[in-house]
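Residue-level structural notes
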Amino acid sequence: GAGVSQSPSNKVTEKGKDVELRCDPISGHTALYWYRQSLGQGLEFLIYFQGNSAPDKSGLPSDRFSAERTGGSVSTLTIQRTQQEDSAVYLCASSPRAGQEKLFFGSGTQLSVL
Amino acid sequence: AQSVAQPEDQVNVAEGNPLTVKCTYSVSGNPYLFWYVQYPNRGLQFLLKYITGDNLVKGSYGFEAEFNKSQTSFHLKKPSALVSDSALYFCAVRDVDTGRRALTFGSGTRLQVQP
């Protein structure tokens, strides 16, 4: 596709349920990032993938959060046993390579935990 | 550790007037600096970046930013604001001298340009 695609665009779930958020990066981009944007706050870094290197998971807020990137392309962010404080917009971004390249962001997944 | 501060939650400016959106950063090494913009109901878009070289960086839509190492600032500017510039602006930094590749973003500044 022409840009970074995220699905679903909106997700409403009940507290305690697991959710999976999907990101399709721009074809050929080797770097992929997940960020979280909470209401009234900035972007919070979650995790970063670069090629076949070990991901930088330093931003994951708890062990309920995990992410994988299959075949160097599609990525899935999984949140287990969701809590109300997990409600936010989850943004995915990709770039041709890590470092000084600009990031291309998807439109995000609005997650609401009831 | 790397961090970014955007001291103003909102900036109001009249159309045609110059605008400044402030950003200061903290890194232990040398910074790469970025500005991104988020228009209503649209994703974040890259505006400009400072990597090295000229301290004045020009970007999209007539925006520019000035890197000031002594003041650790990277303020976003535009000589003449447009109503269509109204959006949420984010400053971001990456410490070049660490192994960390991810950008750290500020909390954002909402720019409101009045007609």
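Refer to the structure presented above.
What comes next concerns the included structure. Along every chain, residues carry numbers that run from 1 in the direction the sequence is written. A letter from A marks each chain and a number from 1 marks each ligand, given out in the order of writing. Residue-level local features of this predicted model are given only where pLDDT is at least 70; pairs of side-chain atoms are given and counted only at 80 or more, and the full residue set underlies all totals for whole chains, interfaces and linings. Hydrogens and waters are ignored; side-chain quantities use all the structure's heavy atoms.

**Looking at the interface of chain A and chain B**
Put simply, the rule is: Residues count as neighbours in contact if any of their non-hydrogen atoms are within 4.5 Å of one another. Reported buried area values correspond to the accessible surface (1.4 Å probe) lost by two parts on association, with both partners' losses combined. Think of a salt bridge as a Lys or Arg side-chain nitrogen and an Asp or Glu carboxyl oxygen that are within 4 Å of each other. Polar contact criterion, stated in full: a pair of N or O atoms within 3.5 Å, where within protein one must be able to donate a hydrogen and the other to accept it, and residues adjacent in sequence count only if both atoms are side-chain atoms. By definition, any uninterrupted DSSP run of H or I lasting at least four residues is a helix, any uninterrupted run of E lasting at least two residues is a strand, and each is numbered from the N terminus.
Each side of the interface is counted separately: chain A has 19 residues, and chain B has 19 residues. For the pair chain A and chain B, the two sides together bury roughly 1,500 Å², of which 58% comes from carbon and sulfur. Counting the contacts that link chain A with chain B gives zero salt bridges. At the boundary of chain A and chain B, one finds three residue pairs in polar contact (both at pLDDT 80 or more). Where the side of chain A that touches chain B is concerned, the elements lending two or more residues are β4 (31-37) and β5 (43-50) of chain A.

**Comments concerning the layout of surface pockets**
Filter applied, for reference: A pocket here means an open set of points on a 1 Å grid, computed over the protein atoms alone, that has protein on both sides within 12 Å along at least five of seven lines. A cavity is instead a set of points where a 1.4 Å probe fits but cannot get out; residues with an atom within 4 Å of a point line either one. Grid points are joined across faces, edges and corners, and a volume is the space filled by probe spheres set on the points. Basically, the charged four are Asp, Glu, Lys and Arg, the nonpolar ten are Ala, Val, Leu, Ile, Met, Phe, Trp, Tyr, Cys and Pro, and anything else, Gly included, counts as polar.
Its volume calculated, the largest pocket comes out at about 480 Å³. Lining the largest pocket are 25 residues, with A:Gln37, A:Val89, A:Gln110, B:Gln38 and B:Arg42 positioned closest to its centre. Of all the elements in the fold, those that place two or more residues in the lining of the largest pocket are β8 (88-95) and β10 (109-113) of chain A. Classifying every residue of the lining of the largest pocket gives nine nonpolar, 14 polar and two charged.

**Comments concerning the side chain of B:Thr109**
All names here are of chain B. This is how it is decided: Classification of residues uses two cut-offs on accessible area relative to the type maximum, computed with a 1.4 Å probe and protein chains only: under 20% is buried, over 50% is exposed, and between them is partly exposed.
Turning to its location among the elements, Thr109 is positioned in strand β12 (residues 109-114). For Thr109, a relative accessible area of 0% translates into the label buried. A polar contact of 3.1 Å, which involves the side chain of Thr109, links it to the side chain of Gln6. Beyond its immediate sequence surroundings of up to four residues, Thr109 is in contact with Gln6, Glu8, Asp9, Gln10, Val11, Val21, Ala87, Leu88 and Tyr89.

**Digging into the state of the cysteines**
Threshold: The disulfide criterion is simple: two cysteine sulfur atoms within 2.5 Å.
The full count for this structure, using the stated rule, is two disulfides over all chains. With its sulfur 1.9 Å from that of its partner, A:Cys23 forms a disulfide with A:Cys92. The chirality of the disulfide connecting A:Cys23 with A:Cys92 is left-handed, given an S-S dihedral of about -65 degrees. With A:Cys23 in strand β3 (residues 19-24) and A:Cys92 in strand β8, the pair connects residues that are 69 residues apart, well separated along the chain. Across the pair, A:Cys92 and A:Cys23 agree in class, each one buried. Across the disulfide from B:Cys23 sits B:Cys91; the S-S distance is 2.0 Å. Here the S-S torsion is close to -65 degrees, and the disulfide linking B:Cys23 with B:Cys91 is therefore left-handed.

**Regarding the environment of A:Ser73**
Mapped onto the secondary structure, A:Ser73 falls in the loop between β6 (65-69) and β7 (75-79). For the pair A:Ser73 and A:Gly42, spaced 31 residues apart in the sequence, the C-alpha separation amounts to 26 Å.

**Topic: the sheet that holds strand β1 (residues 5-7) of chain A**
All names here are of chain A. Rules: Only strands that DSSP links by at least two bridges are regarded as paired with each other. Every angle, taken between N-to-C directions, lies between 0 and 180 degrees, and every axis is a line fitted to C-alpha atoms, over only the stretch in contact when it is a helix.
If you trace the four strands from one edge of the open sheet to the other, you get β1-β3-β7-β6, paired in antiparallel fashion. Edge positions in the open sheet fall to β1 and β6, since each of these has one partner strand only. Ignoring strand direction, the axes of neighbouring strands in this sheet form an average angle of 15 degrees. Direction of pairing for β1 relative to β3: antiparallel, over a ladder of three bridges. Bridging from a neighbouring strand, Ser5 pairs with Asp24 of β3.

**Focus on unusual backbone geometry**
That bond from A:Ser7 to A:Pro8 is cis: its omega, -10 degrees, falls within 30 degrees of zero. Assignment of secondary structure puts A:Pro8 in the loop between β1 and β2 (10-13). For A:Arg81, which is not glycine, the phi dihedral falls at a positive 50 degrees. You can see A:Arg81 is positioned in the loop between β7 and β8. You will see that B:Tyr61, though not glycine, has its phi angle at about 55 degrees, which is positive. Residue placement: B:Tyr61 occurs in the loop between β7 (56-58) and β8 (64-68).

**Some thoughts on the pairing of strand β5 (residues 31-38) of chain B**
All names here are of chain B. Where burial is concerned, most of β5 is hidden: eight out of the eight residues are buried. By the alternation rule, side chains of β5 split into Pro31, Leu33, Trp35 and Val37 and Tyr32, Phe34, Tyr36 and Gln38, which are all buried. Of the strand pairs in this sheet, β5 and strand β10 (residues 87-95) are connected by eight bridges, and their pairing is antiparallel. Residue pairing in the sheet places Gln38 in a bridge with Leu88 of β10.

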